[in-house]
Protein chains: 2
Amino acid sequence: MNTAASRKPASRRTLPRLDESLLTHMAPFEKLDKAQIRAILDHAVSRRYAAGTALFDEGAPADRFFMLLDGYVRVVRITPTGEQVTALHIPAGQLLGIAKALGRDTYPASAIAATDSIALSWPMRLWDSFVETYDGFSTASNKTVGQRVGEMNNRMVEMATQQVEQRVANALLRLINQTGRKVDDGIEIDFPMTRQDLSELTATTLHTVSRLLSKWEKQGLVQSKRKRITVTDPHALVVIGQT
Amino acid sequence: MNTAASRKPASRRTLPRLDESLLTHMAPFEKLDKAQIRAILDHAVSRRYAAGTALFDEGAPADRFFMLLDGYVRVVRITPTGEQVTALHIPAGQLLGIAKALGRDTYPASAIAATDSIALSWPMRLWDSFVETYDGFSTASNKTVGQRVGEMNNRMVEMATQQVEQRVANALLRLINQTGRKVDDGIEIDFPMTRQDLSELTATTLHTVSRLLSKWEKQGLVQSKRKRITVTDPHALVVIGQT
């Protein structure tokens, strides 16, 4: 009894060993053998981030890079007047905080856990050796940057050329595409999404988003309750998004 | 006489030898010695692009990467409905068309010479060997990507949070910052810039841009004639941009 009781705090202090299976199927590491993945994991810190907490902050020294294992992260910019603009959503399986791939010493934006999330992280001083040593890592991180540039670029084009209704429809379609989960009534966005979040993402007002969601709910295109949004008629949204 | 006459067409067919001084002071190549720069130049094609012509087109196979030696290039996206959105302006001294740094096989946007321009280009199959062989090349290309991500990010935040008048003021300030040339009356944007260009850049209508420029011209903040825009009171624009 005494032994078992004293074992518990001890095992809390000792970090659980991270299993290779955490990384073997993820793009930046998929070309590596078990020994290499072991070495990578032995340098990693694994942490849980409660919904709403920051993995890192805009402007802070970029001293670690991250791999999101579970959950979703919102990449957020805060304007001089305190407004938040959501630049991207990052799903599990992607690198983030990879300032070095952008030739930067600071994080260009903040990363906030949109839902309870788990991430591995490594000291940024290991970045160059990862790039040099691990086959496919650099290509995968370039691809990640490229996808995000493409996404930002698309959103910029949308903001420049589309009406609010199209933008909100396309944002919902993008979210179910990236993070959708099949449920009885349709496809649910798999993390908490308030109307405020959606207005920040589409560069419109809370009032407009509320009005649109209420209208679409009456028309049977979406359901929304307690931070959960389900798209019940994706095809109708595609039509609105293209109009 | 006969010899001299026959020499002329011959020297036209032979490409002029590119001098090392073209590249030694440019960031991606500044750590290299003369022999390395010579090897790089020997693989380069040098070409002039008349204003309005494309260096490469959105969606086309990314078979070459470029270094802009002189002029300015607009990076443009074309929407499904045929609207143009200017994502970036690229000044001389920067790499462009570097799809490989984004893990892509195609160009993510079109690059159009905004003014008569000169660029070197290399076959994309040389990209990996440039990254491996030439010290500083990879860091510089990452930094270029990072700056453009930052710029796009800033513009996205502006579009999401600023009024049209602020956006146009900030766009003019950014342009004189990047490409400004001191003239008698103020700072001139150093390439042809129509009101249409400015409306595409700020995601607003031609009508709004015309109205703002006319107002600011009356107030003595800018002068615009024949595709040339000069900012005569930058401080006043800073104030408008921050309001």
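This one's a predicted model, so the numbers in the text were calculated from it and none came from an experiment.

Asks: With reference to specific residues and values, describe the relation of the copies chain B and chain A.
Replies: It takes a turn of 180° to lay chain B on chain A, together with a shift of 0.0 Å along the axis; the resulting RMSD is 0.0 Å. Each copy turns onto its partner about a two-fold axis. Taken together, the interface assignments show that 100% of the residues at the interface of chain B recur at the interface of chain A, consistent with an identical surface on both copies.

Asks: Describe the UniProt feature "domain: HTH crp-type" (unreviewed entry) in chain A, listing the residues and the values that go with them.
Replies: Mapped onto this numbering, the UniProt entry annotates "domain: HTH crp-type" (unreviewed entry) at residues 162-235 of chain A. For the annotated span residues 162-235 of chain A, helix accounts for 53% and strand for 22% of the residues, and the straight-line distance between the end C-alpha atoms is 18 Å.

Asks: Before we move on, could you go through the packing of aromatic side chains and cite the residues and values that matter?
Replies: Residue and element names in this part refer to chain A. Under the defined criterion, the tally for this structure stands at 26 aromatic pairs over all chains. Their ring planes at 90° and their centres at 4.9 Å tell us that Phe65 and Trp127 sit as a pair that is edge-to-face. Within this pair, whereas Phe65 is found in strand 3 (residues 64-70), its partner Trp127 is found in helix 3 (residues 127-133), the two being separated by 62 residues in sequence. Both residues of the pair, Phe65 and Trp127, belong to the buried class. Relative to Phe137, the ring of Phe130 lies with its centre 5.4 Å away and its plane at 75°, an arrangement referred to as edge-to-face. Judged by relative accessible area, which is 0%, Phe137 ranks as buried. One aromatic cluster in this structure is built from Phe29, Phe65, Trp122, Trp127, Phe130, Tyr134 and Phe137.

Asks: With reference to specific residues and values, describe the side chain of Thr204(B).
Replies: By secondary structure assignment, the location of Thr204(B) is in the loop between helix 6 (195-202) and helix 7 (206-218). Under the relative-accessibility criterion, Thr204(B) is labelled buried at 17%.

Asks: Which residues make up the packing of helix 4 (residues 137-161) of chain A against helix 5 (residues 164-179) of chain A, and what values go with them?
Replies: Residue and element names in this part refer to chain A. Running from N to C, helix 4 and helix 5 cross one another at 160°; their axes reach a closest spacing of 10 Å. In terms of orientation, helix 4 lies roughly antiparallel with respect to helix 5. Handedness of the helix 4/helix 5 crossing: right-handed. From helix 4, Glu151, Arg155, Glu158 and Met159 reach across to helix 5, where they touch Arg167, Asn170, Arg174 and Gln178.

Asks: Before we move on, could you go through the pairing of strand 5 (residues 84-91) of chain B and cite the residues and values that matter?
Replies: Residues and elements named next belong to chain B. Burial within strand 5 is extensive, with 7 of its 8 residues counted as buried. Of the strand pairs in this sheet, strand 4 (residues 72-78) and strand 5 are connected by 7 bridges, and their pairing is antiparallel. The partner of Val75 across the bridge, within strand 5, is Leu88. Two successive antiparallel strands, strand 4 and strand 5, enclose a turn made up of 5 residues, where Gly82 displays a positive phi of approximately 90°.

Asks: Outline helix 7 of chain B, supporting the account with residue identities and numerical values.
Replies: Residues and elements named next belong to chain B. Compared with an ideal rise of 1.5 Å per residue, which puts 13 residues at 18 Å, helix 7 spans 18 Å between its outermost C-alpha atoms and is within 8% of the ideal. Within helix 7, burial applies to Thr208, Val209, Leu212, Leu213 and Trp216. The arc enclosing the buried residues of helix 7, seen along the axis, measures out at 125°, which places them on a common side. Exposed residues lying more than 90 degrees from the buried face of helix 7 are His207 and Lys218. Where helix 7 ends, the next residue or the one after it, Gly220, has phi of about 80°, a positive value.

Rules used in this analysis
Residues numbered from 1 in each chain as written. Chains lettered and ligands numbered in written order. Predicted model: local features only at pLDDT ≥ 70, side-chain atom pairs only at ≥ 80, totals over all residues. Heavy atoms only, no water. Least-squares fit on C-alpha atoms with pLDDT ≥ 70 in both. Contact = heavy atoms within 4.5 Å. UniProt positions renumbered as here; feature names shortened; annotations may be inferred. Helix = DSSP H or I, 4+ residues; strand = E, 2+ residues; numbered from the N terminus. Phe/Tyr/Trp six-rings, centres within 6.5 Å; stacked < 30°, edge-to-face > 60°. Buried < 20%, exposed > 50% of the residue type's maximum accessible area, 1.4 Å probe, protein only. Axes fitted to C-alpha atoms, helices over the stretch in contact; angles between N-to-C directions. Parallel < 35°, antiparallel > 145°, perpendicular 65-115°, else oblique. Left-handed = near helix turned anticlockwise from the far one by under 90°. Pairing = 2+ DSSP bridges. Expected span 1.5 Å × (residues − 1). Arc of directions from axis to C-beta.

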